[in-house]
Each structure stands twice: as C-alpha cells, then as structure tokens.
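# Per-entry structural report
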Amino acid sequence: MTSYFSAQPAQSTASTQRRNSLPRLSMDDSDRPTTTILPTPSHHVLPSLSYAAATSVPHENPFNQNLFLQQQVFADKSNRLLNLIQSTKGLLEEIRETNATRPWQTYYPNLQIPSVAAAAATANSSSTATASAASSNPLRRSTSFHPEDDSERASPVSLQQRLQRSFTSAPGSPLQHNNNAADSHTPLVGRLFPELNVLKLDLKVGNYATGNDALLRGLERNAIAHLLDGRIQQSVKHLDNLYQRVSDKSSKVLITGDLNAGKSTLVNALMQRTILPIDQQPCTSLFCEVLDAQENEGQEAVHAIKDASTYNRQDPNTFTVVDMRHLEKFMNDVIDGYEDYAQVKVYCTDRRLVNDSLLHNGVVDIALIDSPGLNRDSVKTTALFARQQEIDVVVFVVSAENHFTLSGKEFLWNAANEKTHIFIVVNRFDSIRDKERCKRVILDQIKQLSAKTYEDADELVHFVSAGSCLPEVIQGGDLPADFLRLEECLRSFVLEKRCKSKLAPAKVYLENILSDVSVLSESNRHMAAEELAKVRLELERGEPEYKDTLIRREVVLERVDRLAEETCVLIDTMTREKLTNAVDDIENVVSALVPWNGLLHIWQYANDLRYVMADLFVDRVKSCEVEAKEKAKNCVNDIHTLADDASAANQMDALTLFTKPDANRITTGKLKDELSLEFTDIFEVQDKLGMASVSLGAVTMFSSKALGYKSLIHSLFDITSTVGVSNVRKWAVPVVTVAGLGVLVYIAADMKHALARKTARKLRAHVREGTMVHDEAMRITKDCRRVFKSNAWEIQNRFQKEIEAHERRRAEQEKAAKDGEQAVVYFGKVFEKADELARWVAAVEVEVEERKIKA
Ligand SMILES: Nc1nc2c(ncn2[C@@H]2O[C@H](COP(=O)(O)OP(=O)(O)OP(=O)(O)O)[C@@H](O)[C@H]2O)c(=O)[nH]1
C-alpha cells in the first residue's frame, strides 16, 4: 500500500543556511510597531534592496530588471501596509481593552427606526448615486462612506469628511449643524449611520437572516457589546493572518472551482508537465501545493503532510515522502480512505524559461494550490472557505458547460470581503457549441458576483480548454493563443500586479475595518455626547430641587420644634390649672357621694371620704390626660401638615398616648394613703371656736377635775354676778346640763361635715403645697413631648432619606457625566486615529504607481 513512499532525502546544511540568510521581505518582529504608531516615511525600510543584493537575479536581463524594480515598489508598499496592519490591530485591541475595563460599553450603531431610515433613504436619493455603484455589487453593502471608484480611493479624503458626507444626507444629521455632539439632543436611534462591513453583526434565527435590526434591538446592550467584541477579536486574528500573508514574500495561488471543472488539468497545463492526476471521477481530495523545486534545494519531491501547522521541510518527521510517479495512486488511496493526509507539497522543476514560467520566475516564490472540488463535500468546502483567507490570489476554474453553481457563487461572495479581483478560467470551452452565448451568460454572472473582476474581464476572465494544452496533447507544438494569453495575464496578475493581487486585498480589508471603527467610534461618540447632555441637564435640574429640600428641611424642622414646644407649654399650663382647681370645692362634691351611716360608722365614713376624694382627683388627672392627648393629636396633625405628609399612620403615637399603665401616674390608692386619717380629724375644733368655749364651760361644770379650779371659780364669779347667787344656785345645774348636752348633740351632728372639710383641707394642702401637680404636669407633658419628638424625628428621617436619595442620584449622575465625558474624548480619539490610519491606507496606491513603472 505504501509502495509510493520514497526514502527521505538528506538535507543540505549549506544551502539551508544560504536560504535562511535571505532577509525577509517583511519587517522583522522587532520592527513591528507594538502600539498604534502611524507609519511615517522614515518607517519605510526597503528590505527589497537587500533582498535584491542577496538574490542571484540576473540584472542584465531587462525583463527581470523591470520585474525586480516592481518588487522594490511592492516591498515599499507592503512595508507600509504591514505598519498599518499593526497599527490597526493595536487600535482594535485598544477598543477591546476599553470595552473590558471601562464603564462605557461600545454601542452597536445601526439600530434605526425603520420609518426614519426610510425617510432618510428618500432624502438621501442624491447621495445614492455613489451608493448605486456599490450596489452593483450586491455583496458590498456599504454606502458612499466606502468609495468604490479608484480615484476616490487614491485621494486622501479623510474618514471624517466621508462620514460627514454620509451623515449630511440624512435629515437632522448631527454633523450637519455642528461637530460638538454634546450640544446635540437628536435621538441617536433615528440617525442614519453607514452600515458596518467586517464588524456587522448578522444574527440568524434558523435559516432566516431577516429582521436583523429587530433582533439586535431585542438584545441587551452588554450582549451586543459582547457580540461586537467577538467580531473585533476575529478581526484581530484576521489582521494577524493578513500580516503573515503580506510579509510572506511568496505568493499563494489557490486554484479552486467545482468538481471536475479541470483544476488539476489547468495546473498541469500551466506547468507543461503531468504532475497532478486527472480523472473524470473526483480525484483531488486534499490540497496539493505545487512549488518550485528551488524551494527544496532544487530537489523534486512530494511531501505528504498530516498536520499542516507542524510541517517543516527540514524536519522529515513532519511529512512522508511520496514518489512522484505514484502520486496518482497515493491520491486515490487518500480518496478511498486508505491513507489519511491533509495536504501534499509537490516540489517540481519548471524547465521553461524564466520569462515564461510562473513558478520559476526568479523573483517571487509562487505556490499553486490545487484544491478539492467545491461541491465535493461540505467539510472540504468549509476548509476551502477558511483557506482562502490565507491565500493571495484566487484562480477560479468554472466549467463552461455548467457555469457558476451555487457553491461556486457562495465561495465568490465570501471571497469578495477582501478580494475584489478574481482570476477566472472558464474551462472545457472546446465542448461548447455556441461560444458567444456561453461567454455572454458567464460574463453576466461574473458581473453580479464580482464587479471589479468584470471591469477587468479582459485580463481576468479567460475562456480556454486546458485539456488541449497538456504536453501530451500538443506534443511539442505551440500552445493555443487563448491559453498563452491566459498564462501571460496570470503571470502579470500574480507577479507584475502583485500590488493588486496581493496587497489590494489587504488594503481593502484595512479600509473596511477602519471604516467600521470610524462608524463605531463616531456613533458611540454621539451616543455618549447625548447621554452626557442628558445627564448634565438632569444634574442642572436636580440642583435647585436638592437645595430646596435642604432649606425646606431646616424650615419645617424649626417650625415643628416650635409647634411642639408651644403645645407642650399649653398642656403643662392646662394640667397645672386643672389639677390645682380640682380640689377647690371638693368637700361639697364628696359629701353628696359618700353616704353617712351614723356615728357608729364614722371611721368607715372617714375612710370612704379619703377614697372618693383621691378618686376624684385621679379622675381629674385622667381628664387632663385626655385633653392633653387631644391637643397632642392635633399637634401631630399640624406637624405633618407642615411637612406635607398626609400619612395617618404618623398619628399612631398620639392615639396610644396614656393608654398603657403608667407607674408614675398618681393612683387613688396611693393618694388615699397620703391623706392619712387621725383620730382628731373626726372632731372639727378650729371652725367652731365660740361653740367650743361654751362646750368647754359645760364640760368644766361637769368635770372640774379636768378643767381645773381656777377656771371654775372664774366662771362661777361671772355667772353669780349676773344673775345673783341664789338664782345661780337654783339654775346652775339644769343650765349646765342642757348646755353640755347641746354641745354634744351639735358636735355629733356636725361630725359628718367636719370630717369632709378636714379631709378636703388635707387634700388641698397636699395638692397645693406638695409636688404632685408639678409631677403630673411634667409627666403628661413629657409623654406628649416624646410623641412630638418621635414625629419630628420621623419627618427629619424622611427629609434625610430624600436628601440621601438626591445625593446618591447626583453621585450617579456625576459619575455618568464623567464617564460620558471620557467616552466622548475617547471615541473622538479613536475616530481620529482610524481616520488618520485610513488616510495612510488610502495613500498606499496599489495600482497607480504600478502603471507608472510600466510606462
Ligand atoms: N473536454 C474537455 N475536458 C477537459 C478539459 N479539461 C479537463 N477536462 C476533463 O475533465 C475531467 C476532470 O479534470 P480534472 O482536471 O481532474 O478536474 P478537477 O477539477 O481537478 O477535478 P477534481 O480535482 O476531482 O475536482 C478530466 O476527465 C479531464 O480530462 C477541457 O478543456 N476540455
């Protein structure tokens, strides 16, 4: 099975060293700018000079000298593009970093309100003239922002101007009036920003790509930023590939097309050797790279490679050598699944003259890559799509019989993102009878697929029969004129027009990505400016409100304090007055309330008196509380009215005032105890002093022992002198007896009132001379004050919360304003950088200088 494998050839160390000593066309890694430094003329090192010195190109040959000069120009341009690729990459990485670290997430610009977009499109009819050129290529969706014609591309028109041109066509365009977006308040959503190219987000649901804007609008801003970040990351990778491609001095030419279109036949015809197998059946199942044997120390060999990423021509472990004579069998075994290889490198000698040969041209290393047919299987087709990103020139072989198939069209659409010019070979033309019609139909298809290719159809589109150009067919005879022309044009496209074939795709990609960055940065700058203006307005409006709240808090709290204090004084005065007056006439009230059950129950009566009086006083205290509560409730209402707070819940404290048992409040029992009862209280003496004297005389009469002799003699002398001694003796005993009895009756009868008076006096003395009134007034006032304070605190708290909310909002707004300011400045700078880079890119004229050289 492996009989086609050959022994590994020994490597020539000396020649390896010689090849390694050749300076690269690209800048060394050390030369690569790491930041976004723009290329200046001083950066334009011309490594091609040293390259020329190191190569053994015969300068005497005028053709090669011309080619050599072209390569110098190419080297200069590629150097400039390499710098620009690095700078663009730096810019994209900066955007990614900013997206990850800064609060401002990059906004996706193309969310337009359909009606506004439609209106803008109508108003934009004048500017669509330019866009119509672009629309001739359905794949190029950019507007006039991305100039299609070469003259415009060559002129260093700034992105700012182009963007402005694009904006000013839209009504209410932000740039139409001024550049200071911070002053503009037009909603961004209605603005017409050019559509993105490379960074465009295509959200597909199932197989439908319609309603992209609607889908985008449905996404959160950070989700969009995340998707956008993914696109930027892809673009950074693509720029790396681009750098590799531009810096690679060789040119990779991909021969692709549908199955059996004649790709392998074309390669063989171009090489004028039967190198690749040709078959009616599918026979190319892996990438076959045909290179000049010079690249393998002049040795012809076939290297079968399993992993292209590890392939090293000097390391035999990375490939298997296949005998060139058995290449067809090897390829068939790969197709049949007996071998598992991904790629084949065929190093072969092109024996034709330097002037005629494509591979052996003496100046540029060329690789012709034959690929599996596009419609062979989807895995291989996907690999082919991916591959086209790393190749420089696409030679698309289409069968004249089949025209462009759907897979062929898809491939070309995809390639159009950076390859504006495609070399098209319409093969098997010999089997077509109506050749003119075939040409017309195919050219029409090309017009739709690649406008630029169609423009240069004379040089880029060839109708040939590669099968009739194989060496075994022509057998030493001349090649047909159409094929010679194809060879000449392909050579010119790959070698002489390398700027067009190799650098133009890089330039187109840079233009596209920089245009996207400009649109992105400009739309974000506008967005940030709008938000900044909005937040500044909010800040401006919020300031007086904030100050007003501060002043209102001071005024309201001061009024609340005053009102509370006035009410407290009122309650205190009221309580003192009421309690003091409560004992004024208490004995009369009490005597009606306490029943008199006779002298025998006098002690009980005295106790009841004390109890009822104390109870009456305590009742008065409670009525003071009720009144204080009413006043407190009104005061609380007034307090909340002052603070514009209608909440009834705030009265709760006032309503529950004095409802709970209070140890400090005077009680009936306590007061009763304080009015202690003594035996002498039963007899009222002081009020009836006169009567008491009579009583005393009577008592003296009866109990001289008790009153003493001196008083007795004195009394007797008085009576005797008045009525006469005999009469005194006669009336003395009955009178004295009656008087004494009378006094006793009187005392007994007055006992009830005397007790009431005595107890009332005691109570009055206790109330007025003690601290009870003061204590009760203080207690009631204190409780009310507590309620006022809690309400005042509540109001203060509400104000505090309001002020804190203000301050929080203001802090957020200030932060948003700061972020907005930074974003405006940042996106402005990004725009300037992108604009500057785009001008440098535009200045790399990939076609004009070339014509000059030819002239
Ligand atoms: N009539 C005619 N037949 C051709 C021409 N060129 C190639 N063929 C035939 O077309 C068939 C396929 O040719 P290939 O070169 O193998 O085609 P391919 O595109 O490389 O095929 P795959 O690699 O399998 O995709 C062969 O039988 C060729 O003889 C041509 O110009 N005219």
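Cut-offs applied
Residues numbered from 1 in each chain as written. Predicted model: local features only at pLDDT ≥ 70, side-chain atom pairs only at ≥ 80, totals over all residues. Heavy atoms only, no water. UniProt positions renumbered as here; feature names shortened; annotations may be inferred. Salt bridge = Lys/Arg side-chain N within 4 Å of Asp/Glu carboxyl O. Helix = DSSP H or I, 4+ residues; strand = E, 2+ residues; numbered from the N terminus. Buried < 20%, exposed > 50% of the residue type's maximum accessible area, 1.4 Å probe, protein only. Arc of directions from axis to C-beta. Contact = heavy atoms within 4.5 Å. Pairing = 2+ DSSP bridges. Axes fitted to C-alpha atoms, helices over the stretch in contact; angles between N-to-C directions.

As recorded in an unreviewed UniProt entry, the protein chain goes by Mitofusin and comes from Linnemannia hyalina. Taken directly from UniProt, the Catalytic activity (unreviewed entry) text for the protein chain runs: "GTP + H2O = GDP + phosphate + H(+)".

## Looking at the pattern of salt bridges
By the definition in use, this model includes 30 salt bridges. Arg552 is the partner of Asp548 in a salt bridge, and the nearest nitrogen-oxygen pair spans 3.9 Å. Remark: Arg552 and Asp548 occur in helix α20 (residues 498–581); sequence separation between them is 4 residues, near one turn of the helix. The class of Asp548 is partly exposed, set by a relative accessible area of 44%. A relative accessible area of 26% means that Arg552 is categorised as partly exposed. With its nearest N and O atoms 2.7 Å apart, the salt bridge here joins Arg665 to Glu625. Placement of Arg665 in the loop between α23 (652–655) and α24 (668–674) and of Glu625 in helix α22 (residues 602–642) is noted, with a sequence separation of 40 residues between them. Its relative accessible area of 14% is what places Arg665 among the buried residues. What makes Glu625 buried here is its relative accessible area of 4%.

## Re helix α12 (residues 327–336)
Helical periodicity: at 3.6 residues per turn, an α-helix aligns residues three or four positions apart in one direction. For α12, the complete set of buried residues consists of Leu327, Phe330, Met331, Asp333 and Val334. Summarising the axial view, the buried residues of α12 lie within an arc of 160°, below the 170-degree limit, and thus occupy one face. Buried positions along α12 lie against β2 (287–292), β3 (301–305), β4 (320–322) and β5 (343–348). Two residues or fewer after α12 comes Gly337, characterised by a positive phi angle close to 85°.

## Describing the sheet that holds strand β8 (residues 423–427)
Within the open sheet, the 9 strands sit side by side as β4-β3-β5-β2-β6-β1-β7-β8-β9. Their pairing is mixed. At either end of the open sheet lies a strand with only one pairing partner, and these are β4 and β9 (461–463). Pairwise comparison of adjacent strand axes, ignoring direction, gives a mean angle of 20° for this sheet. Alignment of β2 against β5, held across 6 bridges, turns out to be parallel. The residue bridging Leu291 from the neighbouring strand is Tyr347, located in β5. In the packing of helix α14 (residues 406–415) onto the sheet, the strands contacted are β1 (251–257) and β7 (393–399), and the crossing angle to β7 comes to about 160°.

## Considering the pairing of β5
Here β5 lies mainly inside the structure; 6 of its 6 residues are buried. Side chains of β5 alternate between two faces, with Gln343, Lys345 and Tyr347 and Val344, Val346 and Cys348 buried alike. Two strands pair when backbone bridges link them, and β3 and β5 are joined in this way by 5 bridges, in the antiparallel orientation. If you follow Ala301 over to β5, its bridge partner there is Tyr347.

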